[in-house]
Amino acid sequence: MSMLNRSTTRPRPLRAVAAAAAAASLLLLAACGPGGPTAPEGQASSGPDLSAFHDQSLDWGTCEGVATNEADAALFANPDLECATAEVPIDYSQPDGDTGRIAMLRLPASGEREGSLLVNPGGPGGSGNNFVAALVDLWQANPVAERYDIVGFDPRGVGATTPRAECFTDQELDEGAGIRIGAVYDITSADEAEYVAERCVEGTGGAERLTSISTMNTVRDMDVMRAALGEEKLTFLGYSYGSELGENYAKTYPENVRAVVIDGAVSPDTTASEFRLSQYVGIQAAFDDLAATCAESPDCVLGPDPDRAVETLHSLVEPLAETPAPTEAGREVSIYDAYIGIIGALYAESNWPNILTALTELEGGRADALLALRDTYFSRGPDGAYGLDYDSNVATRCMDWPTLTPTEQTAFAREIADTVPMFDLDAFTQEYHHECEAWPAGPEEPSDTAPDAEIPPTLVVSVTGDPVTPHEGGVAMARELGASLLTVDGKQHGAYMLGGSTCVDEVVASYLLDLETPKAGTECSLP
């Protein structure tokens, strides 16, 4: 099945606590993985002069007019929040050239201010502005927010930041006419890959702006924000993909690090494809746990035998590959919509009942609950606007990861299906081309230079049953950075503030506020 509806243009593609929508941005499935050069560039004195950007003053004011959708507009109207923009070079090798603006949102410290905590919620493509605003009540009850401004930002390519990656419209995405993710992206020809690239170049304002959207440029932007915030050293909290930002910042600017917390780490020891496969294995493990629990109920939609649950799942969703299911909203649910909704709900054990409800309704011929899961994953609001920026995700990864050949991409889809039974479907195992095949430029070459200063003590938080960033990745990240490791027993993606664990929250707060790292072997659990 081709991803391209040739009669239309195509859309962009592709939790727990009260802020399920915010938590949805923690990770985009198959989007997370080792990104960009992991060795530092440093700030050589002979490099381009960035002083004008570091010395800029941020004009904090109301957040009126900043939001790009109705849901964010309601959140940003909170009078406790302030917004500003930071100017950054499009190309850091040519700081006198074209510039962009990074949209920032802060909750000022409620007590005597000691600094700023910069936050990234994951992705690539997650909005830090939305994440801080959506969790404002939790932040206001958090001791960190007494002494630190909580600062979110929309990374390069996302939300209110410019350049913003613009490939396809929300309307196109609603119509299911664009890039979709099964085991890999549903791009089955060179023409389709070329079409994706052309749309992204045109919508983002040219090849230079599109190819500036990368993990390493976001890391550079973070250092500009640090300086513009008046901070000698950076205090940073990064979830999921944010672990890549934290890791690369610590390696690139070790002398500028005060504290870095990584929650849900992407393993630095694997290739992009290896990590992506590990994600699917984690998702399968979560589904198997769901099936085992479900089997204890006499009328479980997945049946009484957990060993046959995948077969039952396939019988329910495979017909959607040929005939998408209608909904009361007038939109159709494809097999891609069904899978992304199910996968997103598998991120946290507390959401698993919603999967069973959706599959039960689908068995009865209705797909509205599946559509709701899919829309939650994408943070789609009542106005039809998508809060999760997937154009940015693709744009970032095309500048982070090597491009696979069609033979390699096809073989990788088959490897996923052979390893992860959930994905062993004809719809997900075809001949594929890589999404970045026709991108106007490729990733930066990694530097072999070692950090020119020792990385200060950092903290990695890792959940044992994380279905998306496996615990082994947290162990590897802690080893890579020489960081303290907080192991958290539970089944969820993301723990600090998101898991309802006083233990986790206290350990992280002690580190962020007073740089007290936990003793080796410290463990917490999610309720």
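Only a predicted model underlies this, so the values are computations on that prediction, with no experimental measurement involved.

Novice: Talk me through the overall build of the protein; I want residue IDs and the actual numbers.
Specialist: Tallying secondary structure elements over the protein gives 20 helices and eleven strands in all. The proportion of buried residues among the 527 residues of the protein is 60%. Here the protein displays about 19200 Å² of accessible surface, and carbon together with sulfur accounts for 48% of that area.

Novice: Requested: an account of the side chain of Thr396, with residues and values cited.
Specialist: For Thr396, the location among the structural elements is in helix H17 (residues 390-398). Overall, Thr396 belongs to the buried group, its relative accessible area being 4%. What Thr396 contacts, discounting residues up to four positions off in sequence, is Pro124, Ile213, Ser214, Thr215 and Tyr241.

Novice: Provide a residue-level description of the nonpolar core, including the pertinent values.
Specialist: Grouped together as the largest cluster of nonpolar side chains are 79 residues, with contacts concentrated most on Leu302, Tyr339 and Trp439. Every element with two or more residues in this core is listed here: helix H8 (190-204), helix H12 (272-294), helix H13 (309-317), helix H14 (335-345), helix H15 (352-363), helix H16 (368-377), H17 and helix H18 (406-419). Look past the residues within four positions of Tyr339 in its chain and what remains in contact with it is Leu313, His314, Val317, Met422, Phe423, Leu425 and Phe428. Counting 40 residues, the second largest nonpolar core, distinct from the first, contains Phe76, Tyr239, Val461 and Leu526.

Novice: How would you explain the state of the cysteines if you had to name every residue and give the values?
Specialist: Counted under the stated rule, the structure contains five disulfides. Bridging Cys167 to Cys200, the disulfide has an S-S length of 2.0 Å. Between Cys167 and Cys200 the disulfide shows an S-S torsion of about 115°. By sign, it is right-handed. Taken as a pair, Cys167 in the loop between strand E4 (148-153) and helix H7 (170-174) and Cys200 in helix H8 lie far apart in primary sequence, 33 residues in all. You can call Cys200 buried: its relative accessible area is 1%. Linked covalently through their sulfurs, Cys503 and Cys524 form a disulfide whose S-S length is 1.9 Å. A torsion of -65° about the S-S bond marks the disulfide between Cys503 and Cys524 as left-handed. You can see Cys503 sitting in helix H20 (residues 502-514) and its partner Cys524 sitting in strand E11 (residues 523-525), a full 21 residues away along the chain. Since its relative accessible area comes to 30%, Cys503 is described here as partly exposed.

Novice: Now, about the packing of aromatic side chains: what can you tell me, with residues and values included?
Specialist: The tally for this structure, following the rule as stated, stands at 13 aromatic pairs. For the pair Tyr336 and Phe428, a centre-to-centre distance of 5.6 Å together with 50° between the ring planes defines the contact as tilted. You can see Tyr336 sitting in helix H14 and its partner Phe428 sitting in the loop between H18 and strand E9 (459-463), a full 92 residues away along the chain. Classification of Phe428 by relative accessible area gives buried; the value is 0%.

Novice: Can you lay out unusual backbone geometry for me, pointing to particular residues and giving the numbers?
Specialist: The omega torsion of the bond from Gly123 to Pro124 falls at 0°, within 30 degrees of zero and hence cis. Looking at where Pro124 falls in the secondary structure, it is placed in the loop between strand E3 (115-120) and helix H4 (128-134). For the peptide bond that leads from Thr162 to Pro163, omega is 0°, which places it in the cis range. One non-glycine residue, Ser240, lies in positive phi territory at about 55°. Turning to its location among the elements, Ser240 is positioned in the loop between strand E5 (234-239) and helix H11 (242-252). On the accessibility criterion, Ser240 (0% relative accessible area) is buried.

Novice: I'd like to hear about the pairing of E3, residue by residue, with values.
Specialist: For E3, the buried fraction is high: six of the six residues fall into the buried class. Of the two faces of E3, the one lined by Gly115, Leu117 and Val119 and the one lined by Ser116, Leu118 and Asn120 are each fully buried. As paired elements, E3 and E4 share five bridges and run parallel to each other. Across the sheet, the residue bridging to Val119 is Gly152, located in E4. Note: E3 against E5, four bridges, orientation parallel. Residue pairing for E5: Asn120 is matched across the bridge by Gly238.

Novice: Provide a residue-level description of the sheet that holds E9, including the pertinent values.
Specialist: Spatially, the nine strands line up as an open sheet ordered E1-E2-E4-E3-E5-E6-E9-E10-E11, and their pairing is mixed. The two strands at the open ends of the sheet, each matched to only one other strand, are strand E1 (82-89) and E11. Neighbouring strand axes in the sheet, compared pairwise and without regard to direction, differ in orientation by 25° on average. Inspection of the sheet shows strand E2 (residues 99-107) paired to E4 by four bridges, in the antiparallel sense. Within E4, the position partnered with Leu105 by the bridge is Gly152.

Novice: Describe H16, naming the residues involved and giving the relevant values.
Specialist: The buried fraction of H16 amounts to seven of the ten residues, a majority that puts the element mostly inside the structure. Those residues of H16 not exposed but buried are Ala369, Leu370, Leu371, Leu373, Arg374, Asp375 and Tyr377. Contacts from the buried residues of H16 go to H7, strand E8 (332-333), H14 and H15. Just beyond H16, the residue with positive phi is Ser379, at close to 50°.

Novice: Just give me the short version of the environment of Ala103, but keep the residues and values in it.
Specialist: With respect to the helices, strands and loops of the structure, Ala103 is situated in strand E2. For Ala103, a relative accessible area of 3% translates into the label buried. C-alpha of Ala103 to C-alpha of Pro155: the two residues are 52 residues apart in sequence and 7.9 Å apart in space. When near neighbours in sequence (up to four residues on either side) are disregarded, Ala103 contacts Ala84, Thr85, Asn129, Gly152, Phe153, Asp154, Ala160 and Thr161.

Novice: Give me the lowdown on H18, citing residues and values where you can.
Specialist: Each turn of an α-helix holds 3.6 residues, which means side chains three or four residues apart point in the same direction. If you check H18, its first and last C-alpha atoms are 20 Å apart, about what 14 residues at 1.5 Å a residue would give, namely 20 Å. For H18, the complete set of buried residues consists of Gln409, Phe412, Ala413, Ile416 and Ala417. On an axial view of H18, the arc spanned by its buried residues comes to 135°, and they lie on one face. Those residues of H18 that are exposed and aimed more than 90 degrees away from the buried face are Thr407 and Asp418.

Novice: Let's hear about a negative patch on the surface: which residues, and what values?
Specialist: On the surface, a cluster of negative charge is made up of Asp191, Glu194, Glu198 and Glu202. Here Glu194 lies in helix H8. Given a relative accessible area of 36%, Glu194 falls into the partly exposed group.

Here is what the cut-offs are and how they apply
Residues numbered from 1 in each chain as written. Predicted model: local features only at pLDDT ≥ 70, side-chain atom pairs only at ≥ 80, totals over all residues. Heavy atoms only, no water. Helix = DSSP H or I, 4+ residues; strand = E, 2+ residues; numbered from the N terminus. Buried < 20%, exposed > 50% of the residue type's maximum accessible area, 1.4 Å probe, protein only. Areas by Shrake-Rupley, 256 points an atom, 1.4 Å probe, with all protein chains shown as cover. Contact = heavy atoms within 4.5 Å. Core = buried A, V, L, I, M, F, W, Y, C linked by side-chain atoms within 4.5 Å. Disulfide = S-S within 2.5 Å. Phe/Tyr/Trp six-rings, centres within 6.5 Å; stacked < 30°, edge-to-face > 60°. Pairing = 2+ DSSP bridges. Axes fitted to C-alpha atoms, helices over the stretch in contact; angles between N-to-C directions. Expected span 1.5 Å × (residues − 1). Arc of directions from axis to C-beta. Patch = residues over 30% accessible without salt bridge, like charges linked within 9 Å, V, L, I, M, F, W, Y side chains within 5 Å. Salt bridge = Lys/Arg side-chain N within 4 Å of Asp/Glu carboxyl O. Lys, Arg positive; Asp, Glu negative; His and termini not counted. Charge placed at Lys NZ, Arg CZ, Asp CG, Glu CD.

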